[in-house]
Structure formats: C-alpha cells, structure tokens
Amino acid sequence: MTALESFQAHGDISIDVEVEIDRTALTLRQILELDRNSVIKLSRSAGENIDVFIGGAHVGQGEIVVADEAVGVRIAELREED
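This is a predicted model, so every value here is computed, not measured.

Thresholds applied
Residues numbered from 1 in each chain as written. Predicted model: local features only at pLDDT ≥ 70, side-chain atom pairs only at ≥ 80, totals over all residues. Heavy atoms only, no water. Helix = DSSP H or I, 4+ residues; strand = E, 2+ residues; numbered from the N terminus. Rg over C-alpha atoms; globule rule 2.2 N^0.38 Å. Buried < 20%, exposed > 50% of the residue type's maximum accessible area, 1.4 Å probe, protein only. Contact = heavy atoms within 4.5 Å. Areas by Shrake-Rupley, 256 points an atom, 1.4 Å probe, with all protein chains shown as cover. Salt bridge = Lys/Arg side-chain N within 4 Å of Asp/Glu carboxyl O. Pairing = 2+ DSSP bridges. Axes fitted to C-alpha atoms, helices over the stretch in contact; angles between N-to-C directions.

Turning to the overall build of the protein, a few remarks are in order. Helix and strand content of the protein: two helices and four strands. In the protein, the order of α-helices and β-strands from amino to carboxyl end is α-β-α-β-β-β. Its C-alpha radius of gyration of 17 Å places the protein more than 25% over the 12 Å reference for a compact globule of 82 residues. When its C-alpha atoms are laid out on the principal axes, the protein stretches across 55 × 30 × 25 Å. In the protein, which comprises 82 residues, the proportion classed as buried is 12%. In the protein, 28% of the contacts between residues at least 6 apart in sequence involve partners at least 24 apart. Counting only carbon and sulfur atoms, one obtains 51% of the accessible surface of the protein, whose full area is about 7400 Å².

Notably, Asn 37 is not glycine yet its phi reads approximately 75 degrees, a positive angle. Assignment of secondary structure puts Asn 37 in the loop between helix H2 (28–32) and strand S2 (50–54). Take Asn 37: its relative accessible area is 71%, and that puts it in the exposed class.

Following the criterion strictly, the structure yields three salt bridges and no others. Between Arg 23 and Glu 20 there is a salt bridge, with its nearest N and O atoms 3.0 Å apart. A salt bridge links Asp 51 to Arg 44; its shortest N-O distance comes to 3.2 Å. Judged by relative accessible area, Asp 51 falls into the buried class, the value being 13%. The exposure class assigned to Arg 44 is partly exposed, which follows from its relative accessible area of 28%.

Pairing is antiparallel across the open sheet formed by four strands, whose spatial order is S1-S2-S3-S4. Where the open sheet ends on each side, the last strands, each with one partner, are strand S1 (17–20) and strand S4 (70–78). With strand direction ignored, the average angle separating the axes of adjacent strands in the sheet is 40 degrees. As judged from the four bridges shared by S1 and S2, these two strands associate in the antiparallel manner. Bridge pairing in S2 places Val 19 opposite Val 52.

Further remarks concern the pairing of strand S3 (residues 57–67). Two strands pair when backbone bridges link them, and S2 and S3 are joined in this way by five bridges, in the antiparallel orientation. What sits directly across from Ile 54, in S3, is Ala 57. The hairpin formed by S2 and S3 contains two residues between the paired strands, and Gly 55 there has a positive phi angle of roughly 60 degrees. Counting the residues that bridge the hairpin from S3 to S4 gives two residues, and of these Asp 68 lies at a positive phi of roughly 50 degrees.

Quick look at the structure:
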C-alpha cells in the first residue's frame, strides 16, 4: 500500500492550506500609519512563484491566478517526500 492509498480513508479531514505572497518588516510608526487603501510594498513581482503550506509545512510553489472572477493559486510545483 502506498502512502497516498493509506490516506484515502481520511479524505474528508480538513487541513489548513496557506499561501504566502511575501513577508516584509515595518516599523511601528509605519504600522500605525496604515489606513484603508494603504499599500504595503513587497519584494516579489507579479508572475513570481509563491509559497504553499499545508498543515504548516512548506509543500511547494504556486502562482496567483484569476478564475471565474475569484483569485486562486495554481500549484506549480510540489516538493518530493523527504
């Protein structure tokens, strides 16, 4: 039995999936100055891959897409099992 087959019986369990566009550091002053419509500049550019986490573990890369007027993530790469 493969690892994937062993998980099939648990297919309805909810697991958090997170995507991280970027991280940045702001001073407290900058945070206090944030208001509606403020823009936080990031170091990544449009089209670059973003990190995908499942259950808190980094599992791969994705790219932001627009599908049916919603924003989503297309999985571009999944890490191999360690």
